[in-house]
Amino acid sequence: QVQLVESGGGLVQAGGSLRLSCTASGRTFRRYAMGWFRQAPGKEREFVAAISWSAGVTYYADSMKGRFTISSDNAKNTVYLQMNSLKPEDTAVYYCAASLSAVVLRRGEVDYWGQGTQVTVSS
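As a starting point, this report considers the structure included with it.

About the cut-offs
Residues numbered from 1 in each chain as written. Predicted model: local features only at pLDDT ≥ 70, side-chain atom pairs only at ≥ 80, totals over all residues. Heavy atoms only, no water. Helix = DSSP H or I, 4+ residues; strand = E, 2+ residues; numbered from the N terminus. Rg over C-alpha atoms; globule rule 2.2 N^0.38 Å. Buried < 20%, exposed > 50% of the residue type's maximum accessible area, 1.4 Å probe, protein only. Disulfide = S-S within 2.5 Å. Pairing = 2+ DSSP bridges. Axes fitted to C-alpha atoms, helices over the stretch in contact; angles between N-to-C directions. Phe/Tyr/Trp six-rings, centres within 6.5 Å; stacked < 30°, edge-to-face > 60°. Lys NZ or Arg CZ within 6 Å of the ring centre and 35° of its normal. Salt bridge = Lys/Arg side-chain N within 4 Å of Asp/Glu carboxyl O.

1. A few points about the overall build of the protein chain
Now for step 1: Secondary structure summary: the protein chain contains 1 helix and 11 strands in total.
Now for step 2: Along the protein chain, helices (α) and strands (β) appear in the sequence β-β-β-β-β-β-β-β-β-α-β-β when read from the amino end.
Now for step 3: Computed over C-alpha atoms, the radius of gyration of the protein chain comes to 13 Å, within 12% of the 14 Å expected from 2.2 N^0.38 for 123 residues, which places it in the range of a compact globule.
Now for step 4: Counting across all 123 residues of the protein chain, residues that qualify as buried make up 42%.

The following block contains the structure:
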C-alpha cells in the first residue's frame, strides 16, 4: 500500500507558473515510476508527464512539452511538476500517479493515485 499526497495547486493568472509536488509514503521499497495526469470538467483524464524511478527517462504529452518539466527526488520519495507559461486550458485537477514503469504509466496503467490538486488558470 502506497499513499500519494499532492501539494502546490492553486490559482494563477495566464502566463504564470506553479510547481506541484507529490510525496509517496507507505510501502515505498519498490522502485516506482511516477507521473501526473489531469482532468478538466467534462473531459477525460489525460496524461501529462511521467518519469522513471532512475529519472533517466521522461515522457510528456505533446501539449505540455516545453512548458512543463517533471523531476524527482528519490531520497524524498517525491516527484515534481514545474508548470510554466500556464494557459486557461491547463485548468484541471492534477493527479499524481505511480506505477511499475514510466512507459506503462504513460498508457494509464496506474497502481496508485493521489487525491488530486486543483490548478486554476485565469485569463
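Once the structure has been displayed, the description carries forward.
2. Some details on the state of the cysteines
Now for step 1: This structure, assessed with the given rule, holds 1 disulfide.
Now for step 2: Two residues share a disulfide in this structure: Cys22 and Cys96, whose sulfurs sit 2.0 Å from each other. On the S-S bond that ties Cys22 to Cys96, the torsion sits near -85 degrees, and the link is left-handed. Here Cys22, found in strand β3 (residues 18-26), pairs with Cys96, found in strand β9 (residues 92-99); they are 74 residues apart in sequence, far enough to count as distant.

3. Here we look at the sheet that holds strand β8 (residues 78-83)
Now for step 1: Pairing within the open sheet is antiparallel, and its 4 strands lie in the order β1-β3-β8-β7. Where the open sheet ends on each side, the last strands, each with one partner, are β1 (2-7) and β7 (68-73). Across the sheet, the axes of successive neighbouring strands diverge by a mean angle of 20 degrees, strand direction being ignored.
Now for step 2: Two elements, β1 and β3, share 6 bridges in a ladder whose sense is antiparallel. Bridging across to β3, Val2 finds its partner in Gly26.

4. A look at the packing of aromatic side chains
Now for step 1: By the definition in use, this model includes 4 aromatic pairs.
Now for step 2: Ring geometry for Tyr32 and Tyr112: centres 5.7 Å apart, planes at 90 degrees, overall edge-to-face. Of this pair, Tyr32 sits in the loop between β3 and β4 (33-39) while Tyr112 is found in strand β10 (residues 112-113), placing the two residues 80 residues apart along the sequence. The two residues Tyr32 and Tyr112 agree in class, both being buried.
Now for step 3: Aromatic pair Tyr95 and Trp113: ring centres 6.3 Å apart, planes at 85 degrees, arrangement edge-to-face. With Tyr95 in strand β9 and Trp113 in strand β10, this residue pair connects regions lying 18 residues apart in the sequence.
Now for step 4: You can call Trp113 partly exposed: its relative accessible area is 31%.
Now for step 5: Among the aromatic side chains, those forming a connected cluster through ring pairs are Phe37, Phe47, Tyr95 and Trp113.
Now for step 6: Arg31 extends its terminal NZ or CZ atom over the ring of Trp53, reaching a point 4.2 Å from the ring centre.
Now for step 7: One cation-aromatic arrangement involves Arg45 over Phe37; the distance from NZ or CZ to the ring centre is 5.8 Å.

5. A closer look at the pattern of salt bridges
Now for step 1: Under the defined criterion, the tally for this structure stands at 5 salt bridges.
Now for step 2: We note a salt bridge from Lys65 to Asp62, for which the minimum N-O separation is 3.3 Å.
Now for step 3: Residue Asp62 is classed as exposed on the basis of its relative accessible area, which comes to 65%.
Now for step 4: The shortest N-O distance in the salt bridge between Arg107 and Glu109 comes to 3.2 Å.
Now for step 5: For Arg107, a relative accessible area of 53% gives the class exposed.
Now for step 6: Overall, the relative accessible area of 42% leaves Glu109 in the partly exposed class.
Now for step 7: Beyond isolated ion pairs, a larger network of salt bridges with shared partners links Arg38, Glu46, Arg67 and Asp90.

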